[in-house]
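# Architecture and fold: a report
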Amino acid sequence: MSEPVPDWTAGEPVLFVTVCSLCGTTWYLPAEHCPVCGSGDHDVRAARGTGLCVAVTRVHVRADADDGVLCLGLLELDEGPVVMGRVHDPDLAAGDRARIEFRTDGPDGGLLPSFARQD
Amino acid sequence: MTALLTGVGVTAYGRQPGPDSVDWQVQAAELALADAGIEPGEVDAVLTGYSTVAGHLMPANLFSERFGIRPAIAFGLSVGGATGLAMLAEATRLVESAAARHVLVAAGENRASGQSRETSTRILAQVGHARYEVPLGGTVPAYYALLASRYLWTFGLGPEALASLPVQMRAHASRKLGAQFQKPITVADVLSSRPVAEPLRLLDCCPVSDGGAAFVVSATPTSERSLLVAGTGQAHRHQHLSAMEPGGSGAVQAAQRALGEAEVTWEDVDVFGIYDSFSITVALLLEELGLTPPGRAGAYARAGAFEVDGRFPMNTHGGLLSYGHCGVGGGMAHLAEVATQLRHERGAAQVADCEVGYVHADGGVLSAHVGVVLKRVATA
């Protein structure tokens, strides 16, 4: 198993994508083998953190006890994969160019990727 | 070797406090065995779906002891909403390989009254990635809302585009005894219901229910009402939304495997049961399967395509959206309804001359897919 590189889930303000050395498929969530060609040979690269916002939802019925509205989005990274994150820019909508910021909004003050319109 | 669906049993779904998960499984199993016309002692294999309320390690053993049978084979299965059809597929293999003569498939859960809404929401949200998604605070409706947001943006549609689907499901449920919700609704009702995770509103989302469902799969027909399990197919291409290929969830692969095994095409299918946990779920499935053009599932619903006399009669019991959703049993009710249609026993809501049916379920966030083709034996 490959050694995990510390990313935002470990408190480092960075988000990695993995690129298959054989077929070039790029993915986000940790996986030992390329889901397309099965190769175990791949490179982990830091994402630039920019892309196209393809979805936004305002969550009214939450999993935690909080009554506030929670905003989530999907960002299609310029590298290809889709990333789920919070949305802190109230004007961000699907179709907008967006960038990732890391904010300490997570459980116990952990980092979370959050999206805003790109300047 | 062939496998036959000889019995189906579905209880009423709704908020029905009292029975626990295993009680619901027992009720459904009694119905299915009576429907098949066999005795409990004739069952030699038992497959049981998980219950989020019971949370037991050995659901098939738990059920069998309580029901009072001692099968040669028993196991539980867990692929989310696709579990019921996945169990049917395994039951088919057990019968085809002569490992069993009668397989009882049972599921049931007191999901509505056995746990709080908060607990249910939190447990179900765990289909998200524990490290990369769950900490963001999402829920299952939120994950599907993201798919809905992307869908509406992709096709330049407003939220009303999906609203005709729950309206159609409710119209079906109004003609089905046992459905959780039967009072007809309009597009305006859907759009004015309270937001759950925008663009999804309350009436875009299936309810949480108490209830149970069961099937009997046998090596030989037990009556003229027995149906052929003509084909099953599955696909498992991702678990998490962040790993899903847009437009390539696996629905097509599962369906093509099932249709191929049954040696039929969409042209041959007369009646459908398509998983509808949310309005967006059934829209995405219909479009990925190629039954309606991309972005047009709602428009097809408005035009009556999914009515009893429409081009694709679908979920004529009301689906998860209106018949209800008691966990694993939820997606099994679609198959029981298609079976009832193929037996020509659906009375006023009978689809005329139906001979071949297709049922599709997904689990997680379009993560696990199972398709099943049923045929009247005379057709096969």
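Preceding block: the structure.
Residues numbered from 1 in each chain as written. Chains lettered and ligands numbered in written order. Predicted model: local features only at pLDDT ≥ 70, side-chain atom pairs only at ≥ 80, totals over all residues. Heavy atoms only, no water.

## Quick notes on the overall build of chain B
The line we're drawing: Going along the chain from the N terminus, every DSSP run of H or I of four or more residues is numbered as a helix, and every run of E of two or more is numbered as a strand. Between the two quantities, the radius of gyration covers C-alpha atoms and the globule rule is 2.2 Å times the number of residues to the power 0.38. Here the term buried applies to any residue with accessible area under 20% of the maximum for its type, exposed to any over 50%, and partly exposed to those in between, with areas from a 1.4 Å probe on protein chains only. We call two residues contacting when some pair of their heavy atoms lies within 4.5 Å. Residue-level accessible areas treat just the shown protein chains as cover; the underlying method is Shrake-Rupley with a 1.4 Å probe. Under this rule, positive means Lys or Arg and negative means Asp or Glu; His and the chain ends count for nothing. Lys charges are placed at NZ, Arg charges at CZ, Asp charges at CG and Glu charges at CD.
A count of helices and strands for chain B gives twelve helices and eleven strands. At 19 Å, chain B has a C-alpha radius of gyration in line with the 21 Å of a compact globule built from 380 residues. With respect to the principal axes defined by its C-alpha atoms, chain B has extents near 55 × 45 × 35 Å. Within chain B, buried positions represent 63% of all 380 residues. Counting only contacts in chain B whose residues sit at least 6 apart along the sequence, the fraction spanning at least 24 positions is 75%. With an accessible surface of roughly 13,100 Å², chain B has 53% of that area assigned to carbon and sulfur atoms. Side-chain charges in chain B split into 26 positive and 35 negative, and the spacing between the mean points of these groups amounts to 5 Å.

## Some remarks on the side chain of A:Ser114
Residue and element names in this part refer to chain A. Here Ser114 shows up in strand S8 (residues 112–117). For Ser114, a relative accessible area of 1% translates into the label buried. Apart from residues lying up to four places away in sequence, Ser114 is in contact with Arg86, Val87, His88, Arg99, Ile100, Glu101 and Arg103.

## A look at the sheet that holds strand S2 (residues 45–49) of chain B
Residues and elements named next belong to chain B. Operational definition: The pairing criterion for strands is at least two bridges between them, as found by DSSP. Lines are fitted to the C-alpha atoms to define the axes, a helix being fitted only along its stretch in contact, and any angle between axes, read from their N-to-C directions, falls within 0 to 180 degrees.
Pairing is mixed in the open sheet, where nine strands are placed in the order S3-S2-S4-S7-S1-S8-S11-S10-S9. The open sheet terminates on both sides in strands that have one partner only, identified here as strand S3 (73–77) and strand S9 (271–274). The sheet shows a mean angle of 20 degrees between the axes of neighbouring strands, direction not considered. Bridge analysis of strand S4 (residues 102–110) against strand S7 (residues 210–218) gives nine bridges, and the strand direction is antiparallel. Residue pairing across strands places Glu109 opposite Gly211, the latter belonging to S7.

## Re the pairing of S9(B)
Residues and elements named next belong to chain B. Neither face of S9 is open: one carries Val271 and Gly273, the other Phe272 and Ile274, and all of them are buried. Note that S9 and strand S10 (residues 356–363) share four bridges and pair parallel. Looking at S10, one finds that Gly273 is bridged to Val359.

## Regarding the interface of chain B and chain A
This is how the line gets drawn: In this description, buried area is defined as the sum, over both parts, of the accessible area (probe of 1.4 Å) that is lost when the two are combined. Definition used for salt bridges: Asp or Glu carboxyl oxygen within 4 Å of a side-chain nitrogen of Lys or Arg. In protein, a polar contact requires one atom able to donate a hydrogen and another able to accept it; more generally it is a pair of N or O atoms within 3.5 Å, and residues adjacent in sequence count only if both atoms are side-chain atoms. Residues are grouped as follows: nonpolar covers Ala, Val, Leu, Ile, Met, Phe, Trp, Tyr, Cys and Pro; charged covers Asp, Glu, Lys and Arg; every other residue, Gly included, is treated as polar.
With 28 residues of chain B at the contact, the number on the chain A side is 31 residues. The junction of chain B with chain A conceals about 2,700 Å² of combined surface from both sides, 67% of it contributed by carbon and sulfur atoms. The largest share of the area that chain B buries against chain A comes from B:Tyr132, B:Leu136 and B:Leu146, three residues that together contribute 29% of it. Where B:Glu198 meets A:Arg58, a salt bridge forms, and the shortest distance between an N and an O atom there is 3.2 Å. At the boundary of chain B and chain A, one finds nine residue pairs in polar contact (both at pLDDT 80 or more). Elements represented by at least two residues in the side of chain B that touches chain A include exactly helix H4 (117–124), helix H5 (140–155) and strand S5 (195–197) of chain B. Top contributing element to the side of chain B that touches chain A by residue count: H5(B), with seven residues. In the side of chain B that touches chain A, the residues fall into 13 nonpolar, eight polar and seven charged.

## Concerning the pattern of salt bridges
Within this structure, the stated rule accounts for 21 salt bridges over all chains. Salt-bridge contacts for B:Arg111 lead to B:Glu109; the nearest nitrogen and oxygen are separated by 3.0 Å. Judged by relative accessible area, which is 0%, B:Glu109 ranks as buried. With its nearest N and O atoms 3.8 Å apart, the salt bridge here joins B:Arg376 to B:Glu355. Here the residue B:Arg376 occupies a position in strand S11 (residues 368–376), and B:Glu355 occupies one in the loop between helix H12 (328–342) and S10, the gap between them amounting to 21 residues. Take B:Glu355: its relative accessible area is 28%, and that puts it in the partly exposed class. Here the residues in one salt-bridge network are A:Arg99, A:Glu101, A:Arg103 and A:Asp105, joined through shared partners.

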